[in-house]
Amino acid sequence: MALLTDPLGPCRTPPHHRLLLLLLGLAWVPQAVQTQQDTTLLNQVLATPDLASRAPGRPLGLTCTALSGLSMERVWELAAALRQKNATLQPDQLRCLARRLMELGVPEDLDAFPPELLPFLNPATLPWPGACAVFSHIAEAHMGKLPAPERRRLLSYALACRGVWGSRVTAADVRALGVLACDLPGRFVASSADVLLPRLAGCPGPLDQDQLEAARAALQGGGPPYGPPSTWSVSTLGALRGLLAALDPAISHSIPKDIISAGLRHTFPDPPRRQPELALVHPRLRRDTQEAACPLGQKPTVVDERLFFYTDWELRACVDGALLDAKMDRVNAIPFTNEQLAILKSKLDEFYPQGYPESLTRRLGYFFLTMKPVDILKWNVTSLDTVLALLHVSRGQEMDAQVAALVSRYLLGRNHLDQELLDALAGFRPTYLCALSPEQLQQVQPGVLWAVGPRDLDACGPRQLGVLYPKALSAFRNVSGPEHFAKILLFLGGASTDDLRALSRENASLDVAAFRRLRAEVVAPLTVAEVRGLLGAHVVELKGAEEDSPVRDWVFRQPQAELDTLQLGLLGGVPDGYLVLDLSFQEAHARAPARLGPGCLLATMPALLLALTPR
């Protein structure tokens, strides 16, 4: 039976093909049976001048079953023919072929096999020296078809062969690893940014989140090999081409704008053309004309660096929120100016007037830095993963109010406070405490209160401060003197009347600004002497605050004679001989409580005595 059927005659078969066919035929003579499937397989490989040109609907029938029936010599010859014929194989085909090739150890001439086959050679099946020999051939092999888990396993063998046991690699290691260096985790980037960043910038595929975060931190640090972003040149941006996704707004806004513009023009030498006829529009009519319609050919279908060259009005006229929603990852990869980001945000706001859905918020990334608290309060945030992702990009930014709003939306209707959320909030100013309910505040550890600063608790209500004040006493119990008072002062809005009396005995010297933040119902029972002790030298400031609560309410409760001892001219106290009926403190929040003069007092005395008589 002929091994190769050529309908055009044997004269059409090249001489080297006939030789290979003869050798294959001689090798098959001893075999009792050769299946038609194996014959078809070899015919496909040997009879087609260029296997890469085969139609997509006609895959090469190379299966593990077909390979299992071939001798090792034939497998090697088949692998060499596949390289010669420019074959394109699927991962399962490459895996089966590699497994057969390594049955007798490392093949002598690995360079004779298809480059995409080499990553599938499993070093785990080889003795240690043989495993290391494999890597010298596959360092620059194409890894695109090798699944990520297998790529990482191959990388671990390669690092062991190089003697790398920590997270620091040298320039020689990076060169030896070749394309495998593109899979080094973020900890290697953090420890070896000077030699690893240039390699990552040239990697064929996108970096993972761990690598991007480490690269971003290294670039922000301004260390080698690129230096501070403020000193970058056009050539630097060119060298960073594969790392542009790591440039967050904090980095891109540090790069000189002329450098960004020049760098993008170098990438896109033909930026979007302006419409010269618009320059002839009368200035008074230009805005309405420009905003009416997008110029012909300017409507983008993708989000890429070309949008950087759009004018502000072109962005408003041409970009729609649906495109931004679908391509938010690309929005974060382009160094838009603050003005451009504001326009893009307005387009998203128009697209989602009732607030962004969580399908978008979880993908906002650094675009979250353009948000205001009022925007966030419209969202429906239900996933902790969404919150953690947005907290991550907010770290180190001035986003305390936004963080508080985000936490508020997430915790809406919840009683339980996730420990993972509390851990993620470490490092942020604790303005978010006011977004927690009194029940949730019970779960906050006292140590968190050490980070509270002036104004951080301004949004907290009385019930929240009522929970925080005892926690503050616990947190600062080992601190004494002025430092203790300075810490406790921030939480005094939750103090009780007894707490204030204790501070009065210590001559706390509370200023009136702090006094005015106290609850009126807590201050009102204090005597003039107690307030004098509480304010110390600041007592003279009461006159300037006598129209404001709680000073106003406190004054109305004090005997005028006692107020006169302060010599501040405070008026409105209770005259001698008058009785204040304070059956409900609600009267104190009106202009003044009800007072009974001497005549009224005599008339009402029997009723009062009757009411006070024990029954």
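Above this text you will find the structure in question.
Everything quoted here is computed from the prediction, not taken from an experiment. (Residues numbered from 1 in each chain as written. Predicted model: local features only at pLDDT ≥ 70, side-chain atom pairs only at ≥ 80, totals over all residues. Heavy atoms only, no water.)

Visitor: I'd love a proper account of the overall build of the protein chain, names of residues and values included.
Guide: Each helix and strand counted, the protein chain has 34 helices and two strands in total. Across the 615 residues that make up the protein chain, the buried fraction comes to 46%. Taking the contacts inside the protein chain whose residues are at least 6 apart along the sequence as the reference set, 63% of them involve residues at least 24 apart. Approximately 31100 Å² of the protein chain is accessible, and the part contributed by carbon and sulfur atoms is 56%. (Helix = DSSP H or I, 4+ residues; strand = E, 2+ residues; numbered from the N terminus. Buried < 20%, exposed > 50% of the residue type's maximum accessible area, 1.4 Å probe, protein only. Contact = heavy atoms within 4.5 Å. Areas by Shrake-Rupley, 256 points an atom, 1.4 Å probe, with all protein chains shown as cover.)

Visitor: I'd like a description of the nonpolar core, backed by residues and values.
Guide: Leu 364, Phe 368, Leu 500, Phe 515, Leu 542 and Trp 554 are the most contacted members of the largest nonpolar core, which totals 97 residues. When residues in this core are grouped by element, the largest group, seven residues, is from helix 23 (residues 400-411). Discounting chain neighbours no more than four positions away, the residues touching Phe 515 are Leu 510, Val 523, Val 531, Leu 534, Leu 535, Leu 542, Pro 550 and Val 551. Of all hydrophobic cores here, the second largest spans 41 residues; its members include Val 179, Ala 181, Leu 212 and Leu 243. (Core = buried A, V, L, I, M, F, W, Y, C linked by side-chain atoms within 4.5 Å.)

Visitor: Tell me about the packing of helix 10 (residues 193-201) against helix 11 (residues 209-221), and please be specific about residues and values.
Guide: One way to put it is that helix 10 packs onto helix 11 with a least axis distance of 11 Å and a crossing angle of 120°. With respect to their mutual orientation, helix 10 and helix 11 come out oblique. In this structure, the crossing between helix 10 and helix 11 has a hand that is left-handed. Contact with helix 10, carried on its side by Ala 193, Leu 197 and Leu 200, involves Gln 211, Ala 215, Ala 218 and Leu 219 of helix 11 and no other residues of that element. Its residues assigned to classes, the contact of helix 10 with helix 11 shows six nonpolar, one polar and no charged. (Axes fitted to C-alpha atoms, helices over the stretch in contact; angles between N-to-C directions. Parallel < 35°, antiparallel > 145°, perpendicular 65-115°, else oblique. Left-handed = near helix turned anticlockwise from the far one by under 90°. Nonpolar A, V, L, I, M, F, W, Y, C, P; charged D, E, K, R; others polar.)

Visitor: Describe the state of the cysteines, naming the residues involved and giving the relevant values.
Guide: One pass over the structure, following the stated rule, counts three disulfides. Shown here is the disulfide that connects Cys 182 with Cys 203, its sulfur atoms set 2.0 Å apart. Here Cys 182 and Cys 203 share a disulfide; its torsion about the S-S bond, -95°, makes the bridge left-handed. Here Cys 182 is found in the loop between helix 8 (171-177) and helix 9 (186-191), whereas its partner Cys 203 is found in the loop between helix 10 and helix 11, with 21 residues between them in sequence. Taking the relative accessible area as the measure of exposure, Cys 182 reaches 10% and is therefore buried. Paired through a disulfide, Cys 294 and Cys 318 show a sulfur-sulfur distance of 2.1 Å. (Disulfide = S-S within 2.5 Å.)

Visitor: Describe in detail the side chain of Ser 192, supporting the description with residues and values.
Guide: For Ser 192, the position within the fold is in the loop between helix 9 and helix 10. Judged by relative accessible area, which is 0%, Ser 192 ranks as buried.

Visitor: Could you give an account of the packing of helix 28 (residues 497-505) against helix 31 (residues 528-535), with specific residues and numbers?
Guide: Interhelical geometry of helix 28 versus helix 31 gives an angle of 65° and a closest axis separation of 7 Å. The handedness of the crossing between helix 28 and helix 31 comes out as left-handed. Each of Leu 500, Arg 501, Leu 503 and Ser 504 in helix 28 lies in contact with helix 31, whose residues at this interface are Ala 529, Glu 530, Gly 533 and Leu 534. Considering only residue class, the contact of helix 28 with helix 31 consists of four nonpolar, two polar and two charged.

Visitor: So, the pattern of salt bridges: which residues are in play, and what are the values?
Guide: One pass over the structure, following the stated rule, counts 17 salt bridges. We note a salt bridge from Asp 349 to Lys 345, for which the minimum N-O separation is 2.7 Å. One end of the pair, Asp 349, and the other, Lys 345, are both in helix 19 (residues 338-351), four residues apart, so they sit about a helical turn from each other. On the accessibility criterion, Asp 349 (25% relative accessible area) is partly exposed. (Salt bridge = Lys/Arg side-chain N within 4 Å of Asp/Glu carboxyl O.)

Visitor: Residues and numbers for helix 10, please.
Guide: Among the residues of helix 10, those classed as buried are Ala 193, Leu 196, Leu 197, Arg 199, Leu 200 and Ala 201. Packed against the buried residues of helix 10 are helix 8, helix 9, helix 11 and helix 12 (234-239).

Visitor: Account for the packing of aromatic side chains, with residues named and values stated.
Guide: To describe a pair of aromatic rings, you give the distance between the ring centres and the angle between the ring planes. Here the structure, examined in full by the defined rule, presents six aromatic pairs. On the basis of an interplanar angle of 20° and a centroid distance of 5.7 Å, the ring pair of Tyr 356 and Trp 379 is categorised as stacked. Placement of Tyr 356 in the loop between helix 19 and helix 20 (358-361) and of Trp 379 in the loop between helix 21 (373-376) and helix 22 (384-394) is noted, with a sequence separation of 23 residues between them. On the basis of relative accessible area, Trp 379 is assigned to the buried category, the value being 1%. (Phe/Tyr/Trp six-rings, centres within 6.5 Å; stacked < 30°, edge-to-face > 60°.)

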